[in-house]
Amino acid sequence: EPDLPKVWGDYVRLTQALTNLMSNGYKYTPIGGTVTLHVSQAKNIWDNTGVAEVLHIAVQDNGYGISPVDQKKIFTKFFRAEDSSIRESPGTGLGLNIFIQLIELSGGKAWFESELGKGSTFHFTVPVARAWKAKEQEAVSPS
């Protein structure tokens, strides 16, 4: 999308979160597959306690996907899927745990959708700066 608004967050940490997702998409997608980044401005329909306006970021791949059993543990520290295709790639099992913590500490929300053998899409939101400021003002203004 052209003309995206400024967001409220730590540049280094948000870059780390996005880099982690793009790296995972690349790492767990076989040669010839695709990893796509989507960014759009949106009303915050994902978190009713968050700011009204966010950037919605999604990293979509058509890689190995995540089994339903593994989906329940995906954001757990040191978790690595048992699938041999996944185990071939080096990793500590910390990346997605760090990712979700960074996003939540930034005032955003993170989630994913995945189907084994078809790929995954990891989503997160980042507060739009003007919406963050408006929510802050609302919190300190007397009623």
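Residues numbered from 1 in each chain as written. Predicted model: local features only at pLDDT ≥ 70, side-chain atom pairs only at ≥ 80, totals over all residues. Heavy atoms only, no water.

This part is about the nonpolar core. One finds F75, F99 and F124 to be the most contacted residues of the largest nonpolar core, which totals 20 residues. If near-sequence neighbours (up to four positions away) are discounted, F124 is found in contact with L18, L21, L55, H56, I57, F99, I103, K109, A110 and W111. (Core = buried A, V, L, I, M, F, W, Y, C linked by side-chain atoms within 4.5 Å. Buried < 20%, exposed > 50% of the residue type's maximum accessible area, 1.4 Å probe, protein only. Contact = heavy atoms within 4.5 Å.)

The next point concerns the side chain of D47. Tracing the chain through its elements places D47 in the loop between β1 (35-43) and β2 (53-61). Nearest to the buried, unbridged D47 among oppositely charged side chains is K109, at 5.8 Å. Here the side chain of D47 touches T49 through a polar contact of 2.7 Å, side chain to side chain. (Helix = DSSP H or I, 4+ residues; strand = E, 2+ residues; numbered from the N terminus. Lys, Arg positive; Asp, Glu negative; His and termini not counted. Salt bridge = Lys/Arg side-chain N within 4 Å of Asp/Glu carboxyl O. Polar contact = N/O pair within 3.5 Å; in protein donor to acceptor, adjacent residues only side chain to side chain.)

Counted as a void, the second largest pocket has a volume near 240 Å³. Every residue along the wall of the second largest pocket is listed here: L4, V7, G9, Y11, L14, T15, L18, V39, L55, I57, F124 and V126. Within the residue set of the lining of the second largest pocket, elements represented by two or more residues are α1 (11-27), β2 and β4 (119-127). Residue contributions to the lining of the second largest pocket peak at 4 residues, all from α1. For the lining of the second largest pocket, the per-class residue count stands at 10 nonpolar, 2 polar and no charged. (1 Å grid on protein atoms, 1.4 Å probe; cavity = no way out; pocket = protein on both sides within 12 Å on 5 of 7 lines; lining within 4 Å. Points joined across faces, edges and corners; volume = space filled by probe spheres on them. Nonpolar A, V, L, I, M, F, W, Y, C, P; charged D, E, K, R; others polar.)

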